[in-house]
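# Structural overview for review
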Amino acid sequence: METANWIYDAILYIYALSLLFYFSDFMHASRKAKRIGTGLLVFVWILQTGYLVAKLYLGHPDQNTFLYWLAFSWLLATVSLVISRFFHIDYIVFFVNVVSFAVLALNLYSGMGGGTSYEPWQATRELLIVHISLVLCAYVALTIGALLAGMYLFLHHRLKRKRWSQVVRRYPSLDTIERFADRAVIIGVPLLAMSLAIATVSLIVEGRAMLLLDWKVLTSFASLVMYIAYVYQRAVKDRPGHQLAKLYIVAFCMLLLNLLTNSFSSFH
């Protein structure tokens, strides 16, 4: 049972890593990122296939719901690989796998071990571990991105007014700062989105949907919306770097507000 749980957790985390690389390709049309994301997805598909076959072979009738959703996620991953290989509709591959990942996370509630279903508290604990892992990594990446955005604004301001100093000379170029800030977004935004998706699904399944109106949840989604606006302005509108840096700082301030108002929340 412990081995099965470990394999399922590994599938979730590798899947999340695969989505990060697909998101990088979504942002910058990077062949290397797409190739790595596809390789990880193939590995996830292999693990899912072996796990599904093993579960079907064991044949526990009281795990029908779990097997149903596991098979559904497996089919989504299979279809996305077929599309990626033969049809090259890149964006749909990313979105299909976001849905497949969400289904896998939700499926923890259906139970997965030894012919017995997870107790609700066990499923909640498993999802909570995944949620916290993802959101902590997201916070780290987005914090680094905010610091880089601040550096970008400072350097842009000094260069625009031709105010040279030893500090300015030690800064990297604006292009370098912008490139690394983008990488922070590529890592942080998908992780934040996945963590919020897991938290939302958990609340709905547990019958605590009213907590979705909690201040912490609302500010979390507001932060995500602002980061998505940043991604849209960066990838589609191709806004100037200093405008994007300001938007990044505003989004991070919303995230800070979310963290600093825990005392007003009943969510955690």
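Quick note: structure is the one above.
Everything in this summary refers to the structure shown in the same document. (Residues numbered from 1 in each chain as written. Predicted model: local features only at pLDDT ≥ 70, side-chain atom pairs only at ≥ 80, totals over all residues. Heavy atoms only, no water.)

### So, the packing of helix 7 (residues 174–205) against helix 8 (residues 215–237)
One can describe the packing of helix 7 onto helix 8 by two numbers: an axis separation of 10 Å at closest approach and a directional angle of 140°. Classified by the interaxial angle, the pair formed by helix 7 and helix 8 is oblique. In this structure, helix 7 crosses over helix 8, and the sense of that crossing is left-handed. Contacts between helix 7 and helix 8 pair Glu178, Asp182, Val185, Val189, Leu192, Ala193, Leu196 and Thr200 from the former with Ser220, Phe221, Leu224, Tyr227, Tyr230, Val231 and Arg234 from the latter. Residue composition of the contact of helix 7 with helix 8, by class: 10 nonpolar, 2 polar and 3 charged. (Axes fitted to C-alpha atoms, helices over the stretch in contact; angles between N-to-C directions. Helix = DSSP H or I, 4+ residues; strand = E, 2+ residues; numbered from the N terminus. Parallel < 35°, antiparallel > 145°, perpendicular 65-115°, else oblique. Left-handed = near helix turned anticlockwise from the far one by under 90°. Contact = heavy atoms within 4.5 Å. Nonpolar A, V, L, I, M, F, W, Y, C, P; charged D, E, K, R; others polar.)

### Here's the deal with the nonpolar core
Formed by 63 residues in total, the largest nonpolar core has its most connected members in Phe101, Tyr227 and Tyr248. Contributing elements (two or more residues each) for this core: helix 1 (2–28), helix 2 (31–58), helix 3 (64–87), helix 4 (90–106), helix 5 (120–160), helix 7, helix 8 and helix 9 (241–260). Sorting elements by how many residues they give to this core places helix 5 first, with 12 residues. The residues touching Tyr227, leaving out its near neighbours within four places in the chain, are Leu142, Val189, Leu192, Tyr248, Ala251, Phe252 and Leu255. (Core = buried A, V, L, I, M, F, W, Y, C linked by side-chain atoms within 4.5 Å. Buried < 20%, exposed > 50% of the residue type's maximum accessible area, 1.4 Å probe, protein only.)

### Topic: the pattern of salt bridges
Counted by the stated rule, this structure contains 2 salt bridges. Across the salt bridge formed by Asp182 and Arg234, the nearest N and O atoms sit 2.8 Å from each other. Here Arg234 lies in helix 8 and Asp182 lies in helix 7, a separation of 52 residues in the sequence. Arg234 carries the same exposure label as Asp182, and that label is buried. One network of salt bridges, in which partners are shared, links Glu178, Asp182 and Arg234. (Salt bridge = Lys/Arg side-chain N within 4 Å of Asp/Glu carboxyl O.)

### Things to note about the packing of aromatic side chains
For any two aromatic rings, the description comes down to two numbers: the centre-to-centre distance and the angle of the planes. By the definition in use, this model includes 10 aromatic pairs. Seen from their ring centres, Tyr15 and Phe101 are 6.0 Å apart, and the 85° between their planes marks the pair as edge-to-face. Taken as a pair, Tyr15 in helix 1 and Phe101 in helix 4 lie far apart in primary sequence, 86 residues in all. The exposure class of Tyr15 is buried, given its relative accessible area of 0%. Centre to centre, the rings of Tyr68 and Trp69 are 5.1 Å apart; their planes meet at 85°, and the pair counts as edge-to-face. Exposure remark for Tyr68: the relative accessible area of 54% places this residue in the exposed category. Relative accessible area serves as the criterion here: at 34%, Trp69 is assigned to the partly exposed category. Positioned above the aromatic ring of Phe86 is the side chain of Arg85, whose terminal nitrogen or guanidinium carbon lies 5.3 Å from the ring centre. Across the ring face of Phe180, the terminal group of Arg183 is positioned such that the distance to the ring centre comes to 4.9 Å. (Phe/Tyr/Trp six-rings, centres within 6.5 Å; stacked < 30°, edge-to-face > 60°. Lys NZ or Arg CZ within 6 Å of the ring centre and 35° of its normal.)

### Digging into the side chain of Asp182
For Asp182, a relative accessible area of 1% gives the class buried. For Asp182, the side chain forms a polar contact with the side chain of Tyr230, separated by 3.1 Å. Apart from the residues lying within four places of it in its own chain, the contact partners of Asp182 are His28, Tyr230 and Arg234. (Polar contact = N/O pair within 3.5 Å; in protein donor to acceptor, adjacent residues only side chain to side chain.)

### Points about the side chain of Ser80
Mapped onto the secondary structure, Ser80 falls in helix 3. In contact with Ser80, not counting residues within four places along its chain, are Leu41, Val93, Val96 and Asn97.

### Quick look at the environment of Ala33
Looking at the secondary structure, you find Ala33 in helix 2. Between the C-alpha atom of Ala33 and that of Leu20, which follows or precedes it by 13 residues, the distance is 8.7 Å.

### What to know about a positive patch on the surface
On the surface, Arg31, Lys32, Arg35, Arg179 and Arg183 cluster together into a patch of positive charge. Those elements giving two or more residues to the positive patch turn out to be helix 2 and helix 7. Counting residues per element, the positive patch draws most heavily on helix 2, which supplies 3 residues. Take Arg179: it is sitting in helix 7. (Patch = residues over 30% accessible without salt bridge, like charges linked within 9 Å, V, L, I, M, F, W, Y side chains within 5 Å. Areas by Shrake-Rupley, 256 points an atom, 1.4 Å probe, with all protein chains shown as cover. Lys, Arg positive; Asp, Glu negative; His and termini not counted. Charge placed at Lys NZ, Arg CZ, Asp CG, Glu CD.)

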